[in-house]
Amino acid sequence: MAPPGLRLNQENFSCSICLDLLKDPVTVPCGHSYCMSCIQNYWDKEDERGSHSCPQCRRTFSPRPVLEKNIMLAELVEELKKTELRSGLYYAGHQGVSSYASSGNKTSPSYGEEHLRLHSDVPALRKHKLVGPSGNLHQNVCSLHDEVMKIFCRTDQRCICYLCLMDEHKNHETVSAAAEFTEKQKKLGETRLEVQQRIESREKDMKELQQEVENINTSADKAVEDSEEIFNQMIRLLQKRSSEVTQQIRSQQEAEVSRVLDLQEELEQEIRDLRSKDREMETLSHTEDHSQFLHRYSSLSALSQSTHSSGLPVCPLRFFEEVTKAASDTRDKLQELLTAKLENISMTEAIIDVLPPNQEPKSRNDFLKYSRELTLDPNTANMYLLLSEGNRKAKVMKQQRYHYTHPDRFTACVQVLSREHLTGRCYWEVEWRGEAVYVTVAYGDTPRSDNCLFGCNDRSWSLYCGIDLYRFWCNKVRTPVSGPGSSRVGVYLDHGAGVLAFYSVSETMTLLHRVQTTFTQPLHAGFRFGTVGDSAEFIKLK
């Protein structure tokens, strides 16, 4: 029995699931209490998740707690029922009938001690449901017949009395108000449970999105920091190389100028010698005495042979021109390299495409909003593949097509990857011909020789498309796939959500297989073949 002066409040002893007084009360590890049947039913629905939670505080328990009846709490609930009866309040189960004092006014319930004693002592009255005083009691009485409305008409969705059942509600679908109350309470509890689960799911999604924002900001800040350092290193490298080239040019300039100055000095000396010779010859030419002229002429030294060809020596300007051309070529190659490496980084892909969960595209028009134009990378193509249609189509040939080696080429497997990196949300369609084709999505670092087959490693996901036959392959695990045969397959990728889906495309789109995973790096589309003549092509989508 409760201690004297202790006031028991019904709300403190009510189950938050069924909203009724606790029946066989149990207490879960977090301290909250429920009816044993209510919490067991609640946890039965959570068994698939592998963890169980408190409906009130959301604390999770694993494994599922073993429940035992809380004897002390059960005694308090029983004490509460007795206290409510003594104070003129009500306690009612879902069976029995309402009882009113026979005061002549059916809308004025009375709970005198004698009346309560009768309901306690008389066996026929023990099943009656006692209803406490209420200001809205008139709402429970039929306005036409002045009778308590204990029946619920499901046809008209309202409470009626037994006289209404014989009159305007004849042949209607009816049940007792208590039965309808029980059913509606059950549905209300189920709806509330669904609402609570959706709240929990949305709160979880919110936390994941918040974490995603933090990850994006952290990754972006690190990318900015790393790229700035890389470009600063490139700038320092270019500055160093520029300084070296300048030094080479100046050194060559000094050497060539020195050589030209030496030649200039030799020429000046030769000019002085020639002028002296000219003056001597001029003096001799003015000698009129024959003997003296002949004597001096015979002693005149012979003219020396010039060591220089006619005209000035040509300065080797080609060196400087070649240096300038080499610098220009280096600039062009660097620009081409940067463009080729960065062209796949699209700003539209950098935008976080956030949609509420389970709102993937439904119709083909919805998918086309995310369409990507893809091309095949010749450097990855196996030597027996012929690429055409602007590198959108690949076909297996009898003889090799590529004879030069490349580190990205698949040498042991007849397959090829796209040039474009795939992130964000993407959709593309493949038209295939022949016996069979593997429509694939793979990481760029998929092995090129050993264990390179698409679908036979953990770096690729591949859908086998045969004549009226599909199979999905990943890491050597084959999964049977059913669906209508079609020569066109649509592929939908949501990189951030880890969703990869394959569709059979005809007049309608039919989901063939859906993958839910975590992608750790950008992906590429690709094809894998097995028979000469098989082909596959990326379709241009409008």
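Residues numbered from 1 in each chain as written. Predicted model: local features only at pLDDT ≥ 70, side-chain atom pairs only at ≥ 80, totals over all residues. Heavy atoms only, no water.

Trainee: What's the story with the overall build of the protein chain in this structure? I'm lost.
Mentor: A tally of regular secondary structure across the protein chain gives nine helices and 22 strands. Nonlocal contacts in the protein chain, meaning residues at least 24 apart in sequence, comprise 58% of its contacts between residues at least 6 apart. Approximately 35,000 Å² of the protein chain is accessible, and the part contributed by carbon and sulfur atoms is 52%. (Helix = DSSP H or I, 4+ residues; strand = E, 2+ residues; numbered from the N terminus. Contact = heavy atoms within 4.5 Å. Areas by Shrake-Rupley, 256 points an atom, 1.4 Å probe, with all protein chains shown as cover.)

Trainee: Could you clarify how one ought to interpret the sheet that holds strand 21 (residues 523–528) in this entry?
Mentor: Sheets are built from strands that pair by backbone hydrogen bonding, the pairs being arranged parallel or antiparallel. Taken together, six strands build an open sheet; the order of strands is 12-21-14-15-16-17 and the sheet is antiparallel. Since the sheet does not close on itself, it has two edges, and those belong to strand 12 (415–417) and strand 17 (477–481), each with one partner. Each neighbouring strand pair of the sheet contributes to a mean axis angle of 20 degrees, computed without reference to strand direction. Pairing between strand 14 (residues 436–443) and strand 15 (residues 460–466): seven bridges, direction antiparallel. Looking at strand 15, one finds that Thr440 is bridged to Ser462. (Pairing = 2+ DSSP bridges. Axes fitted to C-alpha atoms, helices over the stretch in contact; angles between N-to-C directions.)

Trainee: Sorry, what's going on with the state of the cysteines here?
Mentor: The term disulfide refers to a covalent linkage connecting the sulfur atoms of a pair of cysteines. As enumerated under the stated definition, the model contains one disulfide in all. Unpaired in this structure, Cys153 has its nearest cysteine sulfur neighbour in Cys164, at a distance of 9.5 Å. (Disulfide = S-S within 2.5 Å.)

Trainee: What is the right way to look at the packing of aromatic side chains in this model?
Mentor: Given two aromatic rings, one states the distance between the centres and the angle between the planes to describe the pair. Within this structure, the stated rule accounts for 13 aromatic pairs. When the centroid spacing of 6.0 Å and the interplanar angle of 20 degrees are considered together, the rings of Phe293 and Tyr297 count as stacked. Linking Phe293 with Tyr297, this pair stays in helix 6 (residues 290–298), spanning four residues, or about one helical turn. Following the ring pairs from residue to residue traces out a cluster consisting of Phe367, Tyr370, Tyr427, Tyr492 and Tyr503. One cation-aromatic arrangement involves Arg448 over Phe410; the distance from NZ or CZ to the ring centre is 4.4 Å. Sitting above the plane of the Tyr438 ring, Arg528 keeps its charged end 3.8 Å from the centroid. (Phe/Tyr/Trp six-rings, centres within 6.5 Å; stacked < 30°, edge-to-face > 60°. Lys NZ or Arg CZ within 6 Å of the ring centre and 35° of its normal.)

Trainee: Please explain the environment of Lys393 as it appears in this structure.
Mentor: For Lys393, the position within the fold is in strand 11 (residues 393–396). Here the alpha-carbon distance between Lys393 and Ile539, two residues 146 residues apart in the chain, equals 8.9 Å. If we skip the residues at most four places from it in the chain, Lys393 touches Leu376, Leu386, Leu387, Ser388, Ser535, Ala536 and Glu537.

Trainee: I'm lost on unusual backbone geometry in this one. Help?
Mentor: Among all residues save glycine, negative phi is the norm, and among peptide bonds the norm is trans. Of note, the bond from Ser62 into Pro63 is cis; its omega dihedral lies within 30 degrees of zero at 5 degrees. In this structure, Pro63 sits in the loop between strand 4 (60–61) and helix 2 (71–86). In the Ramachandran plot, Asp24 falls in the positive-phi region, its phi being about 50 degrees despite a non-glycine side chain. By secondary structure assignment, the location of Asp24 is in the segment before strand 1 (25–27). Residues other than glycine seldom take positive phi values, yet Lys476 does so here, at roughly 70 degrees.

Trainee: Even after reading the chapter, I still don't get the sheet that holds strand 13 (residues 425–433), so can you show me in this structure?
Mentor: Sheet architecture is open: seven strands sit in the order 10-11-22-13-18-19-20, paired in antiparallel fashion. Here the strands that pair on one side only, and so sit at the sheet edges, are strand 10 (385–388) and strand 20 (509–516). Ignoring which end each strand starts from, the neighbouring axes of this sheet average 20 degrees apart. Both strand 11 and strand 22 (residues 535–538) contribute to a ladder of three bridges, which runs antiparallel.

Trainee: Could you clarify how one ought to interpret the nonpolar core in this entry?
Mentor: The biggest cluster of nonpolar side chains holds 38 residues, and the ones touching the most others in it are Trp428, Trp461, Leu463, Leu500 and Phe527. Those residues in contact with Trp428 that sit more than four places away from it in its chain are Arg372, Leu374, Leu422, Val441, Val489, Gly490, Val491, Leu493, Ala525, Phe538 and Leu541. Counting residues in hydrophobic clusters, the runner-up holds 19 residues, among them Leu22, Val28, Phe61 and Leu73. (Core = buried A, V, L, I, M, F, W, Y, C linked by side-chain atoms within 4.5 Å. Buried < 20%, exposed > 50% of the residue type's maximum accessible area, 1.4 Å probe, protein only.)

Trainee: Just checking my understanding: could you explain the confidence of the model for the protein chain for this structure?
Mentor: Detail in the predicted coordinates should be disregarded across regions flagged by low pLDDT. Chain-level pLDDT for the protein chain is 82 on average; 81% of the residues reach the 70-or-more range. Low pLDDT (under 50) marks residues 88–111, which in the prediction has 58 contacts with non-local residues, meaning those over four places away or in another chain. Taken as a whole, residues 346–358 scores under 50 in pLDDT and shows 11 contacts with residues more than four places along the chain or in a different chain. (pLDDT = per-residue confidence, 0-100.)

Trainee: So what exactly am I meant to see when it comes to a nonpolar patch on the surface here?
Mentor: A cluster of nonpolar side chains, Tyr162, Leu165 and Met166, forms an exposed patch at the surface whose accessible area comes to about 310 Å². As for its position among the elements, Met166 is in helix 4 (residues 162–166). The exposure class assigned to Met166 is exposed, which follows from its relative accessible area of 61%. (Patch = residues over 30% accessible without salt bridge, like charges linked within 9 Å, V, L, I, M, F, W, Y side chains within 5 Å. Salt bridge = Lys/Arg side-chain N within 4 Å of Asp/Glu carboxyl O.)

Trainee: I keep staring at a negative patch on the surface and nothing clicks. Help me out?
Mentor: Together, Asp262, Glu265, Glu266 and Glu268 line one region of the surface with negative charge. Tracing the backbone shows Asp262 in helix 5 (residues 177–285). Using a relative accessible area of 42% as the deciding quantity, one classes Asp262 as partly exposed. (Lys, Arg positive; Asp, Glu negative; His and termini not counted. Charge placed at Lys NZ, Arg CZ, Asp CG, Glu CD.)

Trainee: Quick question: what am I supposed to make of helix 5 here?
Mentor: Residues lying three or four places apart along an α-helix face the same way, a consequence of the helix completing one turn every 3.6 residues. Look at helix 5: 154 Å from first C-alpha to last across 109 residues, which is about the 162 Å you get at 1.5 Å a residue. Three or more residues of helix 5 are buried, namely Glu180, Leu193, Gln196, Glu200, Asp205, Glu256, Leu263, Lys277 and Leu284. Buried-residue contacts for helix 5 involve helix 1 (36–44), strand 3 (52–53), strand 7 (151–153), strand 9 (174–176) and helix 6. (Expected span 1.5 Å × (residues − 1).)

Trainee: Looking at this structure, I do not really get the pattern of salt bridges. What am I missing?
Mentor: In the structure shown here, the tally under the stated rule is 23 salt bridges. Among the ionic pairs, Glu180 bridges to Lys184, the shortest N-O distance being 2.1 Å. Taken together, the positions of Glu180 and Lys184, both in helix 5 and four residues apart, correspond to about one turn of that helix. A salt bridge links Lys222 to Asp226; the nearest nitrogen and oxygen atoms lie 2.7 Å apart. Taken together, the positions of Lys222 and Asp226, both in helix 5 and four residues apart, correspond to about one turn of that helix. Among the ionic contacts, a cluster of salt bridges with common partners joins Arg154, Glu173, Glu180, Glu183, Lys184 and Lys187.

Trainee: What is the right way to read the pairing of strand 22 from this model?
Mentor: The side chains of a regular strand alternate between both faces of the sheet. In strand 22, alternate side chains face the same way, and those of Ser535 and Glu537 on one face and Ala536 and Phe538 on the other are all buried. In the sheet, strand 13 pairs with strand 22 via four bridges, with the strands oriented antiparallel. Counted as the bridge partner of Arg433 is Ser535 from strand 22.

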